[in-house]
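Spelled out, the chains give:
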Amino acid sequence: MLLFFALGLLVHFVFFASIFDIYFTSPLVHGMTPQFTPLPPPAKRLVLFVADGLRADALYGLDEDGNSSAPFIRNVIMHEGSWGVSHTRVPTESRPGHVALIAGFYEDVSAVAKGWKENPVEFDSLFNESKYTWSWGSPDILPMFAKGASGDHVYTYSYDAQREDFGAQDATKLDTWVFDKVKDFFDAARNNQSLFSKVNEEKIVFFLHLLGIDTNGHAHRPSSREYKDNIKKVDDGVKEIVSVFKHFYGDDGKTAFIFTSDHGMTDWGSHGAGHPSETLTPLVTWGAGIKFPEKVSAQQFDDKFLKEWKLENWKRRDVDQADIAPLMASLIGVPFPLNSVGTLPVDYLNNTGLFKAESMLTNAVQILEQFKVKMTQKKEVTLPFLFTPFKLLSDSQQLDILRKARSYIKQEKFDEVVSLCEELIDLALKGLSYYHTYDRFFLGISVASGFVGWTSYASLLILKSHSNFTRSSRKEVKKPHYLLLCSFVAIGVLVVCFLLIQVCPWTYYVYCLLPVPIWYAVLREYQVIQDLVASLLTFPPSHFVAHLLVFILGIEVLVLSFFYRYMLTAGLIVFAGWPFLTQPWTQAKITYLSWALFSLLLAVFPLMPVVGRKPDLSLVMGAGLLVLLLALAIVTVLTKRKITLVKEELLVLLLQVLSTVLSMYVVYSTHHSLLEKEGLPLMNQIVSWTTLASSLVVPLLSSTILFQRLSSILLSLMSTYLLLSTGYEALFPLVLSCLMFVWIHMEQETLHQPGVSCKQKLTSIQFTCNTDIAQLRLLDLDDVRRAFFLVFFLVTAFFGTGNIASINSFDLASVYCFLTVFSPFMMGALMMWKILIPFVLVMCAFEAVQITTQLSSKGLFLIVLVISDIMALHFFFLVKDSGSWLDIGTSISHYVIVMSMTIFLVFLNGLAQLLTTKKLQLCGKPKSHLL
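Everything quoted here is computed from the prediction, not taken from an experiment.

About the criteria used
- Residues numbered from 1 in each chain as written.
- Predicted model: local features only at pLDDT ≥ 70, side-chain atom pairs only at ≥ 80, totals over all residues.
- Heavy atoms only, no water.
- Helix = DSSP H or I, 4+ residues; strand = E, 2+ residues; numbered from the N terminus.
- Contact = heavy atoms within 4.5 Å.
- Areas by Shrake-Rupley, 256 points an atom, 1.4 Å probe, with all protein chains shown as cover.
- Core = buried A, V, L, I, M, F, W, Y, C linked by side-chain atoms within 4.5 Å.
- Buried < 20%, exposed > 50% of the residue type's maximum accessible area, 1.4 Å probe, protein only.
- Pairing = 2+ DSSP bridges.
- Salt bridge = Lys/Arg side-chain N within 4 Å of Asp/Glu carboxyl O.
- Expected span 1.5 Å × (residues − 1).
- Axes fitted to C-alpha atoms, helices over the stretch in contact; angles between N-to-C directions.
- Parallel < 35°, antiparallel > 145°, perpendicular 65-115°, else oblique.
- Nonpolar A, V, L, I, M, F, W, Y, C, P; charged D, E, K, R; others polar.
- Left-handed = near helix turned anticlockwise from the far one by under 90°.
- Phe/Tyr/Trp six-rings, centres within 6.5 Å; stacked < 30°, edge-to-face > 60°.
- Lys NZ or Arg CZ within 6 Å of the ring centre and 35° of its normal.
- Patch = residues over 30% accessible without salt bridge, like charges linked within 9 Å, V, L, I, M, F, W, Y side chains within 5 Å.

Undergrad: Where do I start with the overall build of the chain in this structure?
TA: Helix and strand counts for the chain stand at 34 helices and 8 strands. Long-range pairs, those at least 24 residues apart, make up 80% of the contacts in the chain between residues at least 6 apart in sequence. Put simply, the chain shows about 39400 Å² of open surface, and 63% of that area lies on carbon and sulfur atoms.

Next comes the structure, spelled out in structure tokens:
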């Protein structure tokens, strides 16, 4: 069985990874020829300002008095340049945003494994194509473009990473540092002949990465005074830098300025998903080659921002984020980045029709080159009779469109050239997508067949080893026919040959070969399948259909809860009424009423707003006080049951109470310190990390008696959870744990053991690793309900704490008691532990349920895996890579969450067993409890 779980874990890792190979592999190709416009560019130099985390409405909007947070930028919009909204894509993170801006393509998800810092794949960029690039800003962003550049012509100047502190005195200093360094740079250039000659070259870029707005947004929210003041500081800084350039270059009219953002930010200070507040960013351009403001009487856009911003009379020109890279390349006359998929926004250019036509043609040829390379690569590794070319853009059609474009240029029909090139770009991009997703259906079918096979095998294993469903008709087990093995070996060989001929990557072998042994294992159990069919034929059809419909309904409720959290509320309300419909509830009124009460209390949490949107310290403090009252109640209960606690256990309880008090103090103290902009106190940080480290050790010092050990686990984990809480979610584990305690009693009641007192049993039952196998019973239909309850409680544990199935639901303020300096992996690990704490509480209660109902943990756990896998298969087919970016991001998140949950179940099961069964001794022999 251990081997089965190891193989199961491996299979689920493969299923988890498959989503990235099927939907989100790198779109980059290499081997294209650089393309540039054969006409002199309007600008010699380009200045790119990127205000990290700046929302479009925050820059363009006006305050209550009708004043702008960025008066200089607003003046540019009205009197000097062109403006619009840049539409970003998910994931709305800093690295993908900058790659789209500077390299012109949308980052694949493989970059997340590098923390969005290093280059997972090599790519070309505007900086690489420039003669020189000087950049100032964050150490998280600048190095990736310097490392990707060929030659030594990209210079970076970064501050220390420790400056990126969300609890710092003033995050605007990050931007002030950049502006000051740029001014110092030009002062130094006047006295350095070598540098002076470089900055007077053509085709050069100056990049200013401004991180202060993003840092203040995370720390204080975009609606805060700090965020708005930072925008004003950036506006003043941009004004100063523009003045520096004009003064240094004698106002020669050869400098182009671009001001934009990599991504926006939600109202609660996060980003990463596809909400409009994250995907709508500002774009303001002015200077050499840029069209002047254009007044219009009316404009048509899907949103209503123009009236809110009082900019309805100034023409708005929206672009996709990747379109900015070809715009910048066109302005300074460098080749378009080789991997760019952006379309040149000619409406921004103030130049001749010929220049616009030639630039668009260059853009079209550059994207067409990528299409040709991608098609050639796919054609070379596909059998000729299986290769299906992209029919909308054949070789003859390509030549025809290019010939027409050249003819129109000679005839000076420049508008027709632009339209024709836009059509060619659209077709080439569709063709790129076609070849990029060429194997998707084939891989999807392979993975789905593996999924179905694995679920079928796990189900058969449950019936064979852990139930009496087929035992009554079980005959002597026959060995599988030799022909079956030979058939599957032959299938495997054919698959390998097919993949070898097509020169497929090694991951294809994994996805395509995995179903072969899985389905062989399924068909080997043909005796079990025959018994199952025979048993089902004797089962009353109405009963079978009723059970099947209830099971399907339960699964669909779980799936729907990922889209609509209130489905969990509906489920918990049904749970509350379940005992009254199925059991003689008068025999255990208190237990049943407690179950109904706590089910209804827990049902409130999925209706609450997402965590972090409205932080409330008083609720965290209230949760802490309830934990202290709970500790007092535990002592009272144990005293009433005449259980004498030994000194060691009293010490453990006292330590947990002290830890809770310290956690409350640290939360309050840290909140006050950050409010005063004094940073995170070192002592608070030490206490927080100590509490976290001890939370998994202290419970092991308590008694292994079921009630005492579960209480000890709750008290220890609550101390850490308080440190990671910002509002009402601090109350959630308390309500959940109360329901879990009642659940344990409820499951005993359902066993129908007359004359046995549950309370007496629970005070005498001990968690132990070595359960007597002879006492274990086989699974029955009621155990499917127990497994479903576990999955339902695990899903509730995720969504009930205010999370939504999206990257942006995680609030960085949760980790401020531990660290405030930006560290994506450490912060991510802490937020992951916050999510897992309720999971651990549920799994520990599940351990107790298994022991008190004398169940095989392996059999019950297999049912849980089957339910989880059926959910995962739903989300596998629901993954999208088209439509709105909100839909795409959400569909990815759903699959990742449910697959992670399935994988984590194996680890959580082991952790729950460790926490419930192991006993550490401080010194000497353990003393016995006096009953």
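Undergrad: Would you mind showing me how to read the nonpolar core here?
TA: Among soluble globular proteins, nonpolar side chains are generally buried collectively. Residues Trp 595 and Phe 793 are the most contacted members of the largest nonpolar core, which totals 148 residues. Residues Phe 145, Ile 324, Ala 329 and Tyr 435 belong to the second largest nonpolar core, which totals 65 residues.

Undergrad: Quick question: what am I supposed to make of the side chain of His 12 here?
TA: Turning to its location among the elements, His 12 is positioned in helix α1 (residues 2-23). The residues contacting His 12, other than those within four sequence positions of it, are Trp 454, Asp 869, Met 899, Thr 902 and Ile 903.

Undergrad: Whenever I open this one, unusual backbone geometry confuses me. Can you help?
TA: Apart from glycine, the bulk of residues carry a negative phi angle, and the bulk of peptide bonds sit in the trans form. Not every positive phi belongs to a glycine, and Lys 203 is a case in point at roughly 60°. Mapped onto the secondary structure, Lys 203 falls in the loop between α8 (193-199) and β5 (204-210).

Undergrad: Is there a simple way to explain the pairing of strand β7 (residues 280-287) in this structure?
TA: Successive residues of a regular strand alternate their side chains across the two faces of the sheet. Where burial is concerned, most of β7 is hidden: 7 out of the 8 residues are buried. In terms of strand pairing, strand β2 (residues 82-87) meets β7 through 6 bridges, oriented antiparallel. Bridge pairing in β7 places His 87 opposite Leu 280. In terms of strand pairing, strand β6 (residues 255-260) meets β7 through 5 bridges, oriented antiparallel. Along β7, the bridge assignment pairs Ala 256 with Gly 287.

Undergrad: I keep staring at the sheet that holds β2 and nothing clicks. Help me out?
TA: The strands making up a sheet are joined through hydrogen bonds of the backbone, oriented either antiparallel or parallel. One open sheet accounts for 8 strands, arranged β4-β3-β5-β1-β6-β7-β2-β8; its pairing is mixed. Every other strand in the sheet has two partners, leaving β4 (154-158) and β8 (319-320) as the edge strands with one partner each.

Undergrad: Explain the pattern of salt bridges to me, please; I cannot follow it from the model alone.
TA: Pairing is possible between side chains that carry opposite charge, provided their charged atoms lie close to one another. Across all of its chains, the model carries 26 salt bridges by this definition. Between Asp 303 and Arg 316 there is a salt bridge; the shortest N-O distance is 2.9 Å. A residue pair is termed long-range when its members are at least 10 positions apart, and Asp 303 in the loop between β7 and α12 (305-309) and Arg 316 in the loop between α12 and β8 qualify at 13 residues. With a shortest N-O distance of 3.6 Å, Asp 782 and Arg 786 are connected by a salt bridge. Of this pair, Asp 782 and Arg 786 both sit in helix α31 (residues 781-799), 4 residues apart, which is roughly one turn of the helix. By relative accessible area, which is 30% here, Asp 782 ends up partly exposed.

Undergrad: Is there a simple way to think about α31 in this case?
TA: Since the α-helix advances by 3.6 residues per turn, residues separated by three or four positions end up pointing in the same direction. The end-to-end C-alpha distance of α31 is 28 Å, a good match for the 27 Å that 19 residues give at a rise of 1.5 Å each. Burial runs high along α31: 16 of the 19 residues are buried.

Undergrad: Help me understand the packing of helix α3 (residues 71-79) against helix α10 (residues 225-248) in this model?
TA: For any two helices packed against each other, the geometry comes down to the angle between their axes and how far apart the axes lie. Contact geometry for α3 and α10: axes closest at 7 Å, N-to-C directions at 60°. Comparing their axes, α10 and α3 come out oblique. The segment α3 lies against α10, with Pro 71, Phe 72 and Ile 73 engaging Lys 232, Asp 235, Val 238, Lys 239 and Val 242. Class assignment for the residues of the contact of α3 with α10 results in 5 nonpolar, no polar and 3 charged.

Undergrad: Where do I start with the pairing of β5 in this structure?
TA: Taken across its 7 residues, β5 has 7 buried, putting it largely inside the fold. Of the two faces of β5, both are covered, the one formed by Ile 204, Phe 206, Leu 208 and Leu 210 as well as the one formed by Val 205, Phe 207 and His 209. As defined by bridge partners, strand β1 (residues 45-51) adjoins β5 across 7 bridges and the pair is classed as parallel. Along β5, the bridge assignment pairs Val 47 with Phe 206. In terms of strand pairing, strand β3 (residues 132-137) meets β5 through 5 bridges, oriented parallel. Counterpart to Tyr 132 in the pairing with β5 is Ile 204.

Undergrad: I tried to follow the packing of helix α15 (residues 395-410) against helix α16 (residues 414-436) on my own but got confused; where do I start?
TA: With their axes 8 Å apart at the nearest point, α15 and α16 run at an angle of 160° to one another. In this view, α15 runs roughly antiparallel relative to α16, as classed from their interaxial angle. Of the two elements, α15 crosses α16, and the hand of that crossing is left-handed. On α16, the residues that touch Ile 401, Leu 402, Lys 404, Ala 405, Tyr 408 and Ile 409 of α15 are Phe 414, Glu 416, Val 417, Leu 420, Leu 424 and Leu 427. Its residues assigned to classes, the contact of α15 with α16 shows 10 nonpolar, no polar and 2 charged.

Undergrad: So what exactly am I meant to see when it comes to the environment of Asn 363 here?
TA: With respect to the helices, strands and loops of the structure, Asn 363 is situated in helix α14 (residues 353-380). For the pair Asn 363 and Glu 422, spaced 59 residues apart in sequence, the C-alpha separation works out to 9.1 Å. Setting aside chain neighbours within four positions, we find Asn 363 in contact with Phe 336, Gly 342, Thr 343, Leu 344 and Ile 425.

Undergrad: How should the packing of aromatic side chains be read in this particular structure?
TA: Each aromatic ring pair is characterised by the separation of its centres together with the angle its planes make. Here the structure, examined in full by the defined rule, presents 67 aromatic pairs. A ring pair is formed by Tyr 434 and Tyr 435, whose centres lie 5.1 Å apart and whose planes are at 75°; its orientation type is edge-to-face. Sitting over the ring of Tyr 106, Arg 89 keeps its end group 3.8 Å from the ring centre. The cationic tip of Arg 316 hangs over the ring face of Phe 301; the distance from NZ or CZ to the ring centre is 4.0 Å.

Undergrad: For this particular structure, what's the right way to read the side chain of Glu 226?
TA: Mapped onto the fold, Glu 226 is located in helix α10. Apart from residues no more than four positions distant in its own chain, Glu 226 is found in contact with Asn 216, His 220 and Lys 677.

Undergrad: What exactly am I supposed to notice about a nonpolar patch on the surface here?
TA: On the surface, Leu 536, Phe 544, Val 545, Leu 548, Leu 549 and Ile 552 cluster together into a nonpolar patch covering about 480 Å² of accessible area. Ranked by residues supplied to the nonpolar patch, first place goes to helix α22 (residues 541-561) with 5 residues. Relative to the helices and strands, Leu 536 resides in helix α21 (residues 526-538). On the basis of relative accessibility, which here comes to 31%, the residue Leu 536 falls in the partly exposed class.

Undergrad: What am I meant to see in the environment of Phe 49 here?
TA: Position of Phe 49 relative to the elements: it lies in strand β1. Judged by its relative accessible area of 0%, Phe 49 is buried. For the pair Phe 49 and His 209, spaced 160 residues apart in sequence, the C-alpha to C-alpha distance is 6.3 Å. Among all residues touching Phe 49, those that are not within four sequence positions of it are Leu 208, Val 238, Ile 241, Phe 257, Ile 258, Phe 259 and Thr 260.

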